[in-house]
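# A structural walkthrough
Spelled out from the first residue to the last, the chains are:
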Amino acid sequence: MKTIKTTLCVALALAVLGTVAAQSIGADRLIGNYSGRAGSRTMELQLSARGTAVVRLDRTSYTGTWELGGSNLVSIGVRSSNERFGFVFRPEGDRTLVSTSWDKDRFGWRAIRLDREGGAWPGPTPDREIVGDYYWVRPGANAEQLVTLALDSRNRATLTIESGRLRSAPIVARGSWDWNRDNTLDVTVSGPNGRDRFTFRRRGSTLIATSWDRNDWGRTAPEFGKGRKPDLKPIDHAEGVWLLTRRSGRDDVRYTLGLMGNGRAYLLEERSRTRVESDGTWQWRGDDVYVRIRRSRDTLEFTFELDRDRLRAIRWDRDEFGSSRPDFQRR
């Protein structure tokens, strides 16, 4: 009987100690960076203080969340654009995580053991400093575009493109962002225009692209900055048909200037019974409207400022119009 009582006491003591030990593990003790093998692949794991998880398998990164649940089990769920993984780990001491649930078809039947790294994670922990909205005013063929890059705390990225057209709906692409080992930032999004990937370096509150699709975005590096959202001049204020009538000798010359939504322009000249139409282009240059008309005998260039229903000429061809400013009225 004494032996049975002793055994029961020892069992109860161990159970109590086990409960105390289980309760003593806090989430703050698990925060850090771990590495090991997942089957035939190299695996790195980052657990941040905000519940953000980053898993790197060989050269592919997955982002998601983690939480410490009952029995001190660490549940992790991460994903990329087309893959999703879930893991459950059991802490062993303060430096090792051993998997209790994982995709055995993908990573094999041997438990995954990850050891805490002594050094720092090779990139910054995703933090609230990087989270927020960044703006880039992109020059367009006939109007500026406002490109907004929104990064949230769950490593989600949204790229929104707005043009100056009042009736133009924004183009939205969604995806994810992630830190690289060299402290650069990768952003990958997909939308109506396809898939885009940028790599940025951070300089203060500005993200400067070091890698981007030059066919889509041009040769000049995109720069996104935090701060007040910029305003765009609506292109619809300049699109349309504009008229000017000038006296030339005994005849009136009527000029009709058309500015179209695709950046094309035309100039129709009517003098007595003669009608001559020439094509050209137009675009915004800052707050000014620049028009270039190619005629058979020469090229006319105008720079206008928009004043309600009037295009007020700032620069024009004086051989054609003289010193009197050629102002066009909206038709």
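Below: a short report on this structure. Keep in mind it's a predicted model, so treat the numbers as computed, not measured.

Calculation notes
Residues numbered from 1 in each chain as written. Predicted model: local features only at pLDDT ≥ 70, side-chain atom pairs only at ≥ 80, totals over all residues. Heavy atoms only, no water. Pairing = 2+ DSSP bridges. Helix = DSSP H or I, 4+ residues; strand = E, 2+ residues; numbered from the N terminus. Buried < 20%, exposed > 50% of the residue type's maximum accessible area, 1.4 Å probe, protein only. Polar contact = N/O pair within 3.5 Å; in protein donor to acceptor, adjacent residues only side chain to side chain. Contact = heavy atoms within 4.5 Å. Axes fitted to C-alpha atoms, helices over the stretch in contact; angles between N-to-C directions. Phe/Tyr/Trp six-rings, centres within 6.5 Å; stacked < 30°, edge-to-face > 60°. Salt bridge = Lys/Arg side-chain N within 4 Å of Asp/Glu carboxyl O.

What follows covers the pairing of strand β22 (residues 299-307). The sheet contact formed by strand β21 (residues 288-294) and β22 spans seven bridges and is antiparallel. Among the inter-strand pairings, Arg-294 is bridged to a residue of β22, identified as Thr-299. In this antiparallel pair of consecutive strands, β21 and β22, the connection spans four residues. Taken together, the five bridges between β22 and strand β23 (residues 310-315) define a ladder with antiparallel strand orientation. Looking at the pairing, Leu-306 lines up with Leu-311 of β23.

Another aspect to go through is unusual backbone geometry. Residues apart from glycine generally show negative phi values, whereas peptide bonds are mostly found in trans. With phi around 55 degrees, Asp-58 is a residue other than glycine that occupies positive phi space. Take Asp-58: it is sitting in the loop between β3 (52-57) and β4 (60-68). By relative accessible area, Asp-58 is classed as partly exposed at 39%. Non-glycine residue Asn-72 carries a positive phi angle of around 60 degrees.

What follows deals with the side chain of Asp-186. Tracing the backbone through its elements, the reader meets Asp-186 in strand β13 (residues 185-191). A polar contact of 2.6 Å, which involves the side chain of Asp-186, links it to the side chain of Arg-197. Residues contacting Asp-186, with those up to four places away along its chain left out, are Ser-176, Trp-177, Asp-178, Asn-180, Arg-197, Phe-198 and Thr-199.

Taken in spatial order, the eight strands line up as β1-β2-β3-β4-β5-β6-β7-β8 and close into a barrel, and their pairing is antiparallel. Direction aside, neighbouring strands of the sheet carry axes that sit 30 degrees apart on average. Sheet topology note: the strand β1 (residues 32-38)/strand β8 (residues 113-116) ladder contains four bridges and is antiparallel. Bridge pairing in β8 places Arg-37 opposite Arg-113.

On to the pairing of strand β15 (residues 206-211). Here strand β14 (residues 194-203) pairs with β15 via five bridges, running antiparallel. Bridge pairing in β15 places Arg-201 opposite Ile-208. What sits between the antiparallel neighbours β14 and β15 is a turn of two residues, in which Gly-204 has the positive phi angle 65 degrees. Direction of pairing for β15 relative to strand β16 (residues 223-225): antiparallel, over a ladder of three bridges. Bridged to Ile-208 within β16 is Glu-223.

Take the packing of aromatic side chains next. The full count for this structure, using the stated rule, is 16 aromatic pairs. The interplanar angle of 50 degrees and the centroid separation of 5.8 Å between the aromatic rings of Trp-136 and Trp-217 together place this pair among those described as tilted. Separated by 81 residues along the polypeptide, Trp-136 in strand β9 (residues 132-138) and Trp-217 in helix α3 (residues 214-217) bring together distant segments of the chain. For the residue pair Trp-136 and Trp-217, the accessibility class agrees, reading buried in each case.

According to the stated counting rule, one finds 18 salt bridges in the structure shown. A salt bridge links Glu-44 to Arg-56; its shortest N-O distance comes to 3.6 Å. Note that Glu-44 is positioned in strand β2 (residues 41-47) and Arg-56 in strand β3, a separation of 12 residues in sequence. The salt bridge partner of Arg-254 is Glu-270, with a shortest N-O separation of 3.6 Å. Here Glu-270 lies in strand β19 (residues 264-271) and Arg-254 lies in strand β18 (residues 251-259), a separation of 16 residues in the sequence.

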